[in-house]
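Structural overview for review
The residues making up each chain are set out below.
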Amino acid sequence: MLDDIYRSARSRISALAAGLTDEQRATQVPATPGWSVHDVLAHLTGGAADVLAQRLDGAPGEYWTARHVAERRDRSIDALLAEWENAAPAVEASLPKRFAGPNLAADAICHEGDLREALGLPRIDREHWQPFLDVLGYLPGRRLADTHTLLISDELGQEWRCGSGESVTELRAAGYELLRGLFSRRSRRQITAWDWSPEPSAHLVDSFGAFGHRDDDQPIPTC
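Residues numbered from 1 in each chain as written. Predicted model: local features only at pLDDT ≥ 70, side-chain atom pairs only at ≥ 80, totals over all residues. Heavy atoms only, no water.

As recorded in an unreviewed UniProt entry, the protein goes by Maleylpyruvate isomerase family mycothiol-dependent enzyme and comes from Mycolicibacter arupensis.

Laid out in structure tokens, this is it:
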């Protein structure tokens, strides 16, 4: 399953990148401070190339991702996409069947959202990101005290029960927003503004975000 998700994400991102203007390629991506659209594409390409070359020292840390960008800073979009296409089969073969932790399929879906939000484009269809939400919806439970329970539900009625304590907080939010928050793509203020009952504690808000919390508001797609 994850190989198909990665393959389709790469296809969509490649088609999007091929049609961008120079100005759009230079657009800064709020979700990845300091990176442009070109830099995000360089990282996606570099991650795949490293799997092909078995050059995984430092993965998935900041040094590893920064190297992808630095090594490809002067390459054209066409060159990046060609390199990514060449390395993609190695990535697809390396992916597990189901999502259970960090991998390049999740990375591609996360960064596809980053690119679309930076460029003011609609979000991708739910079928492409639902498998990640199914698992990440339980992430806050790993960070809650034994005295607390968080009951999360989305607009389709899907539920995640996190924790086992007597004190219960309910959260209702759109599935896409939950996913972006769990990917550390929404700020503390944006997460606090979701439909909570009662109002969440700071610790509860900070339990979201696989890569830690953030304080810079992110663009939210209207559709």
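1. Description of the nonpolar core
In this structure, Tyr6, Phe132, Leu150, Leu171, Leu178 and Phe208 are the most contacted members of the largest nonpolar core, which totals 62 residues. Taken domain by domain, this core gets at least three of its residues from each of domain 1 (2–119) and domain 2 (126–207). When neighbours within four sequence positions are excluded, phenylalanine 132 is seen to be in contact with Leu2, Ile5, Phe99, Ala105, Ala106, Ile109 and Leu179. (Core = buried A, V, L, I, M, F, W, Y, C linked by side-chain atoms within 4.5 Å. Buried < 20%, exposed > 50% of the residue type's maximum accessible area, 1.4 Å probe, protein only. Domains from an automatic or database assignment. Contact = heavy atoms within 4.5 Å.)

2. Let's talk about the packing of helix H3 (residues 37–53) against helix H5 (residues 77–94)
Relative to each other, H3 and H5 sit at 40°, their axes nearing to 7 Å. The angle between H3 and H5 places the two elements in the oblique class. As H3 runs across H5, the sense of the crossing is left-handed. Across from His38, Leu41, Ala42, Leu44, Thr45, Ala48, Ala49, Val51 and Leu52 in H3, the residues of H5 making contact are Ile77, Leu80, Glu83, Trp84, Asn86, Ala87, Ala90, Val91 and Ser94. Looking at the contact of H3 with H5, its residues break down into 13 nonpolar, 4 polar and 1 charged. (Axes fitted to C-alpha atoms, helices over the stretch in contact; angles between N-to-C directions. Helix = DSSP H or I, 4+ residues; strand = E, 2+ residues; numbered from the N terminus. Parallel < 35°, antiparallel > 145°, perpendicular 65-115°, else oblique. Left-handed = near helix turned anticlockwise from the far one by under 90°. Nonpolar A, V, L, I, M, F, W, Y, C, P; charged D, E, K, R; others polar.)

3. Regarding the pairing of strand S3 (residues 167–172)
By the bridge criterion, 6 bridges tie strand S1 (residues 148–153) to S3 in an arrangement that is parallel. Following the sheet pairing, leucine 150 is matched in S3 by threonine 169. One ladder, built from 3 bridges, connects S3 with strand S4 (residues 195–197); its direction is antiparallel. Within S4, the residue paired with arginine 172 across the bridge is aspartate 195. (Pairing = 2+ DSSP bridges.)

4. Overview of the layout of surface pockets
A volume near 1,000 Å³ is recorded for the largest pocket. Looking at the lining of the largest pocket, the elements that each hand over two or more residues are H3, helix H4 (62–71), helix H6 (104–118) and helix H7 (126–136). Residue classes in the lining of the largest pocket are distributed as 21 nonpolar, 10 polar and 6 charged. Looking at which domains feed residues into the lining of the largest pocket, each of domain 1 (2–119) and domain 2 (126–207) supplies at least three. (1 Å grid on protein atoms, 1.4 Å probe; cavity = no way out; pocket = protein on both sides within 12 Å on 5 of 7 lines; lining within 4 Å. Points joined across faces, edges and corners; volume = space filled by probe spheres on them.)

5. Some remarks on the state of the cysteines
Counting across every chain of the model gives 0 disulfides. Sulfur of cysteine 110: no disulfide; nearest cysteine sulfur belongs to cysteine 162 and is 19 Å away. Here cysteine 223 stays free of any disulfide, with the sulfur of cysteine 110 as its closest cysteine sulfur at 19 Å. (Disulfide = S-S within 2.5 Å.)

6. Focus: helix H8 (residues 175–182)
Extensive coverage of H8 is indicated by the burial of 8 of its 8 residues. Burial in H8 covers these residues: Gly175, Tyr176, Glu177, Leu178, Leu179, Arg180, Gly181 and Leu182. At the exit of H8 stands serine 184, carrying a positive phi of roughly 65°.

7. A few points about the domain arrangement of the protein
Taken as a whole, the protein is organised into domain 1 (2–119) and domain 2 (126–207). Measuring from the centre of the C-alpha atoms in domain 1 to the corresponding centre in domain 2 gives 27 Å. Across the contact, 15 residues belong to domain 1 and 11 residues belong to domain 2. Carbon and sulfur atoms make up 64% of the surface buried where domain 1 meets domain 2, a total of about 1,100 Å² over both sides. A per-residue breakdown of the area domain 1 buries against domain 2 is headed by Phe99, Cys110 and Glu117, which together make up 47% of the total. (Buried area = accessible area lost by both parts, 1.4 Å probe.)

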